[in-house]
Amino acid sequence: MTGKLGRDEFVTLYNDLNDWKKAFKEHDVDEGGTMDIHELRRAFKSFGFRLSNRLLVAIGRRYANKAGVIDIQDFMLCSCRLKTIITYYYENINSDRQRLAQTSGVFRVNL
Ligand SMILES: [Ca+2]
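Reference entry: report on the structure contained in this document.

## Considerations on the overall build of the chain
- A tally of helices and strands in the chain yields 5 helices and 2 strands.
- Starting at the N terminus and walking to the C terminus, you meet the elements of the chain as α-β-α-α-β-α-α.
- Among the 111 residues that make up the chain, the fraction classed as buried is 14%.
- Of the contacts formed within the chain by residues at least 6 apart in sequence, a portion of 51% connects residues at least 24 apart.

Listed below in structure tokens is the structure:
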């Protein structure tokens, strides 16, 4: 990692941001401009993030406002962090399968 964003990384980020924005709009069922935990679960699932109830509750506690809902800015930030964590995790699986086979398959996430 250089700390700089190359062209390919920029294109990936740009596409991800558009996908997440689209997912937010599609899964904001009541069109209130925010997501409750049920909408959040469906949105994350739509782009491949299958999260446990425990993790969803943790995300809700971290990102939701006092009304218990998440706005689009926090949704985008959370999605970016989740993608970074999940990508890092799967890169480590590919580089060190044997070590990960010895683990429980559970990893801690600090959002
Ligand atoms: Ca909503």
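## Side note on the nonpolar core
- Counting 12 residues, the largest nonpolar core consists of Trp20, Ala23, Phe24, Met35, Leu40, Ala43, Phe44, Ile59, Val69, Ile70, Phe75 and Cys78.
- For this core, the secondary-structure elements that each account for two or more residues are helix H1 (7–27), helix H2 (37–46) and helix H4 (72–95).
- Ignoring anything within four residues of it in the chain, the contact list for Ala23 reads Ala43, Ser46 and Phe47.

## Some points on unusual backbone geometry
- Unusually for a residue other than glycine, Glu31 sits at a positive phi of about 55 degrees.
- Residue position: Glu31 is located in the loop between H1 and strand S1 (34–35).
- Here Glu31 falls in the exposed class, since 7 other C-beta atoms lie within 10 Å of it.

## Re the packing of H1 against H2
- It is the contact of H1 with H2, at a shortest axis distance of 9 Å, that shows an interaxial angle of 140 degrees. Judged on the interaxial angle alone, H2 and H1 are oblique. Of the two elements, H1 crosses H2, and the hand of that crossing is right-handed. In this structure, H1 contributes Ala23, Phe24 and His27 to the contact, and H2 contributes Glu39, Arg42, Ala43 and Ser46.

So, how was this worked out
Residues numbered from 1 in each chain as written. Predicted model: local features only at pLDDT ≥ 70, side-chain atom pairs only at ≥ 80, totals over all residues. Helix = DSSP H or I, 4+ residues; strand = E, 2+ residues; numbered from the N terminus. Buried ≥ 20, exposed ≤ 12 C-beta atoms within 10 Å, placed from the backbone. Contact = placed C-beta atoms within 7 Å. Core = buried A, V, L, I, M, F, W, Y, C linked by C-beta atoms within 7 Å. Axes fitted to C-alpha atoms, helices over the stretch in contact; angles between N-to-C directions. Parallel < 35°, antiparallel > 145°, perpendicular 65-115°, else oblique. Left-handed = near helix turned anticlockwise from the far one by under 90°.

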